[in-house]
Amino acid sequence: MSIGRRRKDEMDLARNTNDAGAERKPPELSRKDILAVILAMLQLFLPLIVGLLIVGAVVALILR
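Computed from a predicted structure; not experimentally measured.

Caption draft 1: Structural context of the overall build of the protein chain. Within the protein chain one finds two helices and zero strands. Counting the 64 residues in the protein chain, one finds 0% classified as buried. With an accessible surface of roughly 6,700 Å², the protein chain has 66% of that area assigned to carbon and sulfur atoms.

Quick look at the structure:
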């Protein structure tokens with residue numbers, strides 16, 4: 001029984017502290033952050049693109 005009461009108290013506390021969240025602003029993105037995302041996406045997809053180009057060239061040579 002005390003476990004259920006403790007959870008209810010914790011949930012009430014969480015609801016009361018949620019009012020401060022309305023004043024939160026999203027973080028500002030700097031140029032470094034944007035550049036980091038662009039570089040990460042490039043590192044992620046560049047091997048796929050290069051691999052597809054190589055496979056396409058090999059298939060084109062074989063079917064010639």
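Still more to cover.
Caption draft 2: Broad picture of helix α2 (residues 31-62). Along its 32 residues, α2 runs 46 Å from first to last C-alpha, staying within 8% of the 46 Å computed at 1.5 Å per residue. Remark: the principal bend of α2, roughly 35°, maps to Phe45, with a proline, Pro47, within the next four residues.

Caption draft 3: Expanded view of a nonpolar patch on the surface. Side chains of Leu35, Leu39, Leu42, Leu46, Val50, Ile54, Val55, Val58, Val59, Ile62 and Leu63 sit close together on the surface and give an oily, nonpolar patch of about 1,000 Å² of accessible area. By the secondary structure assignment, Leu39 is in helix α2. The class of Leu39 is partly exposed, set by a relative accessible area of 43%.

What counts and how
- Residues numbered from 1 in each chain as written.
- Predicted model: local features only at pLDDT ≥ 70, side-chain atom pairs only at ≥ 80, totals over all residues.
- Heavy atoms only, no water.
- Helix = DSSP H or I, 4+ residues; strand = E, 2+ residues; numbered from the N terminus.
- Buried < 20%, exposed > 50% of the residue type's maximum accessible area, 1.4 Å probe, protein only.
- Areas by Shrake-Rupley, 256 points an atom, 1.4 Å probe, with all protein chains shown as cover.
- Expected span 1.5 Å × (residues − 1).
- Bend = angle between axes of the 7 residues up to and from the residue.
- Patch = residues over 30% accessible without salt bridge, like charges linked within 9 Å, V, L, I, M, F, W, Y side chains within 5 Å.
- Salt bridge = Lys/Arg side-chain N within 4 Å of Asp/Glu carboxyl O.

Honestly, it's all geometry; don't read function into it.
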